[in-house]
Amino acid sequence: MKLFQMTGAKDRMREKKMKNQPRNVTYSSSGHGTERGQGSQVSGWVRGHQAGGHSYSQDLPKCITATYFAKARAAEVNAMLKAVRKPAGSCHVFNALPKHMRRRAMSHNTKRLPSRLRESAQRLAERSQGAPDKEKKPLPKSRSRRARRRHGNLLLEFNRRQRKNKWMETHIWHAKRFHMLKTWSYCLPLKPTSKSFRASYRAMSAHALLQDLSYFCCLELRGSEDQILRALARLTNKQTGPTFAAASCLSGARQGSVHLYRADQFPQGSLGPADFLWRPQVPDASDRQLWIWIHPALKQDVLSELQLVCQCFEAVSVSEEPRPAAEPPAGRKRKTDEGDAGPPAKKLLGDGTRPAGAPVRWESTDTAITISDLTMEIVRYRLIGPLAHMVLTDTLHPAIEKVFEPLSSGEADRSVHQQQTDIFRLLRGVCSTAEFPAGCVLGLTVDDPRLTLPQKRGKTVPDLQQTTEEERVRDLTLRGVAAHCSQSALWDASLRERVTHGRLSEQELNRMRSELLVPGSHLSVAPSGVPVLLVHQAGRVRGEERLHWGSGWDLLLPKGWGMAFWVPLVYCGVRVGGLHMSIKHSQFMGQPHFPHDYPDCPAGVRFQSEQEAELLEKFKRRPPSKRTNYIKHGCLAPFRCPWQQLTDEWEELMNLSTETASGTRDGAPHFTVLRSLKVLRQLSAWCRRVSRRNTNPPLTRAAAVALQQDWRRSLVWVRVRLLSKGQPALHATVCVPTTSDLQLLLKDGRSSGPQEPRHKDHLKNLCEHKTDPERPARLLRGVWPQPLPSVVSHCSRSTLGWVQQGDFSLAAGRGEALAFISVTGLLHMLLQQPQEQHGVVLLRNPSSLQYRYAQISIDT
């Protein structure tokens, strides 16, 4: 007979079933009715030959004695009963029931079990309830929602949730309507939960869009004007445009913009952009004040450089004034411990860009300059659109003279306040925000806007009535605001604190409204003056298309007054935008957005690393069969652009000098972004097609070689406009067209363009054999591993650069993109192209093989 051999899985299954059974059963036979000898040992559950080499008879016995047979199996029966009565693991008593009799409720109610099993189930329940306390974690006693929503408890909860990411004053309003994003140590609104992209664009083009920019950091410099200018001159360069010493900005009548570099490192060591505002000269005061507004991702780098050039390393302790405690809700008494001053005060100051307890002021005995960190001390709102000034005139109401007296110091201040009020009332006579001079500043003291809040939300409309003061309005739009009218009490820290703590609470304001005899009538309360600053934003000032698009006004307020001004502004019918609309606003204006489009800055490098990880994680979430094979599409860098490799390869291709630029710090990238206005104007003229309007001298090889030597490792910011259909995507490749491509465009101006031949995936076999020990550990199918091959000559068309922002532009009505390209590659391309086709490039998305014709331009 052929023996049956069990597999390993069956052996394991049998061992599991027999783990509670006796391995051997030994009994002695008296020889009655058996064929086996006396004293023989029979192993239980053994078939065939035994381990000892002897065997027993395979024949069935002719007869058995019941008593001896039962005695031999007694141990097996006892083991079986013991296993059934004592369940192992997580089994329960009711598992002994047949499956058709089991019910889920039996685990909670033992009376649902049969009577023969109730006693065992009851003992099991008592044993589980009597377990030691250390084994069971006590459940936290949750308070009721009513208790959690009490004012003091709510403030404690809000403060706890701000330990890692700070909130702006409008956070709760945004959190109910926006998707929130935790970034740069803040919790910021990203985009609305409803579809509003086109509506927001219409608001920027025809009405007004509102944004909260209070997360921007403000650094104040106080000291001698000469000392401040001498120190800040090391961080800027005149080649990039006006500096801190610009005459129009030094008086305090205009806001300026600069690009900051590390001390004496231009053009290397780029930090990022910054806006600055000088305080107008105060009579009988020798010191000047300067506010520098920077992005939170840039703050630590700029602050360290400012301390270096100003020699401000000595921290100054700032004594904070006691803040009033938050009042408990009416009708309720709060129990306080001994020594507790009362309920926790609401936190008005919270800066996520510095650790808790860090100093906020530094001074120098050598330069007599003091640096103060005013982050979250000033609320900043931005209104974008042609009717932004109309929204401000409908919301703000200049304070009367008796309200202004506590904030003034004499007759001169009251006279200036009256002049500021007259200028503010002239704003309604201006048709569009774009008519004002760029960067003009107007100081003002206004009433509490909550006192004049309308009952219903409306929409601000332009004033079509002709004003009787056309001459004054024309003079305002041509000359701007005088320097003395740009003065404001917002510059004084003590007055800011007084206004912040003197604000009427919402509880008191609602109580007074409830006591009105006529609901909705004007509140007769003692109004409080609030100092504000109105700063004009110029919008699009470079290029020839859509000039002044995106202009608006910035409203600067003291802390604590954020929601008091936010709700009245929203009641004027404005749209509210988040970080997403800030990016789109920069894209429509053709300007780089920080830190997304600053690859030569430390903050830009950090953002690119985060973006690469995010895009790679999104790529891995797709099934392998649904992922784009970037190797076959000839895309080397779909997640991060290798700018350093691009500039190095173009430099080597043109046989230029490879000496490292002097002044480069350890760890800093060698490539730079071209920001010299003189060179940008020259490149912009060479990129234009020859026409009657373009009378600039043509590009010569000598001029190109000279420019390549000076900026051989530089990138230039260009605007790419598609000549036909197509929608550019992120990290799309900008390529040099061949001679045949240009001839095809001349024959057919609406040609779709050439196609890239499909590449061969040489790494496919390595990705498929996952057990290969020689396979790279981080090899991902469809993505080129590091190090990359040549990025310039990898495809059939030479690579110039990559797209940073790309989409269908609602402003242009076609696909537009903003990209960085190599200066060396651009000059090489322009020398090869005919003059009537200067600036024509090819654009290809990472997931496509189709090239599209496009025209590049440099806005200056």
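From a predicted model like this one, the values you see are computed outputs, not experimental measurements.

Summed over all chains, the structure comprises 3 cavities of 30 Å³ or more. Of the pockets and cavities examined, the largest cavity occupies roughly 80 Å³. Taken together, Gly634, Cys635, Leu636, Ala637, Thr733, Val791, His794, Cys795, Thr799, Trp802 and Arg844 form the lining of the largest cavity. Split by residue class, the lining of the largest cavity holds 6 nonpolar, 4 polar and 1 charged. Quantified by volume, the second largest cavity comes out at close to 60 Å³.

Centre-to-centre distance and the angle between the planes together describe a pair of aromatic rings. Going through the model one piece at a time under the given rule, you end up with 20 aromatic pairs. Consider the rings of Phe158 and Trp167, whose centres lie 5.4 Å apart with planes at 55°: the pair is tilted. Judged by relative accessible area, Phe158 falls into the buried class, the value being 17%. When the ring of Phe436 is compared with that of Trp553, the centres are 5.2 Å apart and the planes differ by 80°; the resulting orientation is edge-to-face. Taken together, the positions of Phe436 in the loop between helix H14 (411–426) and strand S12 (441–446) and Trp553 in strand S14 (residues 552–558) put the pair 117 residues apart, joining distant regions of the chain. In this structure, Phe436 and Trp553 share a single accessibility class: buried. Here a set of aromatic residues connected by ring pairs shows up, and it is made of Trp643, Trp717, Trp802 and Phe820.

This brings us to the nonpolar core. Within the largest apolar cluster, 47 residues are counted, with the highest numbers of intra-cluster contacts made by Leu683, Val716, Val720 and Leu826. Excluding residues that lie within four positions of it along the chain, Val716 makes contacts with Leu674, Leu680, Leu683, Ala819, Phe820, Ile821, Val823, Leu826 and Ile858. Grouped together as the second largest cluster of nonpolar side chains are 41 residues, Val391, Phe436, Leu444 and Leu534 included.

For helix H9 (residues 225–232), the full list of buried residues reads Ile228, Ala231 and Leu232. The arc that holds every buried residue of H9, seen down its axis, measures 90°, which confines them to one face. Exposed positions of H9 whose direction lies more than 90 degrees from the buried face are Asp226 and Arg230. Among the structural elements, strand S4 (217–223), strand S6 (270–278), strand S7 (288–294) and helix H11 (299–310) are those in contact with the buried residues of H9.

The subject of this paragraph is the sheet that holds strand S13 (residues 530–537). Read from one edge to the other, the open sheet built from 6 strands follows the order S12-S13-S14-S11-S3-S15, with strand pairing classed as mixed. With partners counted over all chains shown, the strands left at the sheet margins are S12 and strand S15 (575–576), one partner each. As defined by bridge partners, S13 adjoins S14 across 5 bridges and the pair is classed as antiparallel. In the sheet register, Leu534 faces S14, and the bridge partner there is Leu555. Running at roughly 35° to S14, helix H12 (residues 388–395) makes contact with strand S11 (378–384), S13 and S14 of the sheet.

Now for the packing of helix H8 (residues 197–206) against helix H19 (residues 579–589). In contact at an axis separation of 11 Å, H8 and H19 are set at 55° when each is read in the N-to-C sense. Relative to H19, H8 is oriented oblique. By crossing handedness, the relation of H8 to H19 is classed as right-handed. Every residue of H19 that contacts H8 at Phe197, Ser200, Tyr201 and Met204 is listed here: His580, Met581, Lys584, His585 and Phe588. Class assignment of the residues belonging to the contact of H8 with H19 gives a composition of 5 nonpolar, 3 polar and 1 charged.

Residues Val77, Met80 and Leu81 make up a contiguous nonpolar surface patch of about 230 Å² in total accessible area. Mapped onto the elements of the fold, Leu81 is located in helix H3 (residues 74–85).

The subject of this paragraph is the side chain of His295. With respect to the helices, strands and loops of the structure, His295 is situated in the loop between S7 and H11. Note on His295: relative accessible area 6%, which makes it buried.

A few words on the pairing of S6. The buried fraction of S6 is high, at 7 of 9 residues. Taken together, the 6 bridges between strand S5 (residues 256–261) and S6 define a ladder with antiparallel strand orientation. Residue pairing in the sheet places Ser257 in a bridge with Asp275 of S6. Sheet topology places S6 next to S7; 4 bridges connect them, and they run antiparallel. Along S7, the bridge assignment pairs Asp275 with Trp293.

Another aspect to go through is H12. A large share of H12 lies buried, amounting to 7 of its 8 residues. Ala388, His389, Met390, Val391, Leu392, Thr393 and Thr395 are the residues of H12 that are buried. Close packing links the buried residues of H12 with S11, H14, S13, S14 and helix H18 (562–570).

Next up on the list: the confidence of the model for the chain. Residues shown with low pLDDT carry predicted positions that ought not to be read at fine detail. Mean pLDDT for the chain: 82, with 81% of residues reaching 70 or above. In the predicted structure, residues 25–50 sits below a pLDDT of 50 and forms 35 contacts with residues beyond four places in sequence or in another chain. Predicted confidence is poor over residues 320–349, with pLDDT under 50, and the contacts of this stretch with residues over four places away or in other chains come to 43 contacts.

Now for the environment of Gln591. By secondary structure assignment, the location of Gln591 is in the loop between H19 and helix H20 (602–621). Along the sequence, Gln591 and Leu818 sit 227 residues apart, while their C-alpha atoms lie 8.3 Å from each other. Residues contacting Gln591, with those up to four places away along its chain left out, are Gly539, Ser586, Trp717, Gln805 and Leu818.

Sheet architecture is open: 7 strands sit in the order S5-S6-S7-S4-S10-S9-S8, paired in antiparallel fashion. Where the open sheet ends on each side, the last strands, each with one partner, are S5 and strand S8 (314–315). In the packing of H9 onto the sheet, the strands contacted are S4, S6 and S7, and the crossing angle to S4 comes to about 130°. Each of S4, S5, S6, S7, strand S9 (361–363) and strand S10 (370–373) is contacted by H11, which is oriented at about 10° to S4, the strand it contacts most.

Let's shift gears to unusual backbone geometry. A cis amide bond links Phe266 to the next residue, Pro267, at an omega of 5°. Tracing the chain through its elements places Pro267 in the loop between S5 and S6. Here the amide bond leading from Phe594 into Pro595 is cis, since omega sits at 0°, within 30 degrees of zero. Here Pro595 is to be found in the loop between H19 and H20. Even without being glycine, Trp184 reaches a positive phi, approximately 55°. Considering the arrangement of structural elements, one finds Trp184 in the loop between strand S1 (178–183) and strand S2 (186–192). With relative accessibility at 22%, the residue Trp184 sits in the partly exposed group. Even without glycine at this site, Met376 takes up a positive phi of about 65°. Inspection of the secondary structure puts Met376 in the loop between S10 and S11.

Okay, the pattern of salt bridges next. Tallying each qualifying case throughout the model produces 32 salt bridges. The shortest N-O distance in the salt bridge between Asp554 and Arg380 comes to 2.8 Å. Here Asp554 is found in strand S14, whereas its partner Arg380 is found in strand S11, with 174 residues between them in sequence. The class for Asp554 is buried, based on a relative accessible area of 1%. Judged by its relative accessible area of 3%, Arg380 falls in the buried class. In this structure, the salt-bridge partner of Arg428 is Asp394, at a minimum N-O distance of 2.6 Å. You can see Arg428 sitting in the loop between H14 and S12 and its partner Asp394 sitting in helix H12, a full 34 residues away along the chain. Taken together, the shared-partner salt bridges connect Arg540, Glu545, Arg546, Arg719, Glu816 and Asp859 into one network.

Reading the values: rules and limits
- Residues numbered from 1 in each chain as written.
- Predicted model: local features only at pLDDT ≥ 70, side-chain atom pairs only at ≥ 80, totals over all residues.
- Heavy atoms only, no water.
- 1 Å grid on protein atoms, 1.4 Å probe; cavity = no way out; pocket = protein on both sides within 12 Å on 5 of 7 lines; lining within 4 Å.
- Points joined across faces, edges and corners; volume = space filled by probe spheres on them.
- Nonpolar A, V, L, I, M, F, W, Y, C, P; charged D, E, K, R; others polar.
- Phe/Tyr/Trp six-rings, centres within 6.5 Å; stacked < 30°, edge-to-face > 60°.
- Buried < 20%, exposed > 50% of the residue type's maximum accessible area, 1.4 Å probe, protein only.
- Helix = DSSP H or I, 4+ residues; strand = E, 2+ residues; numbered from the N terminus.
- Core = buried A, V, L, I, M, F, W, Y, C linked by side-chain atoms within 4.5 Å.
- Contact = heavy atoms within 4.5 Å.
- Arc of directions from axis to C-beta.
- Pairing = 2+ DSSP bridges.
- Axes fitted to C-alpha atoms, helices over the stretch in contact; angles between N-to-C directions.
- Parallel < 35°, antiparallel > 145°, perpendicular 65-115°, else oblique.
- Left-handed = near helix turned anticlockwise from the far one by under 90°.
- Patch = residues over 30% accessible without salt bridge, like charges linked within 9 Å, V, L, I, M, F, W, Y side chains within 5 Å.
- Areas by Shrake-Rupley, 256 points an atom, 1.4 Å probe, with all protein chains shown as cover.
- Salt bridge = Lys/Arg side-chain N within 4 Å of Asp/Glu carboxyl O.
- pLDDT = per-residue confidence, 0-100.

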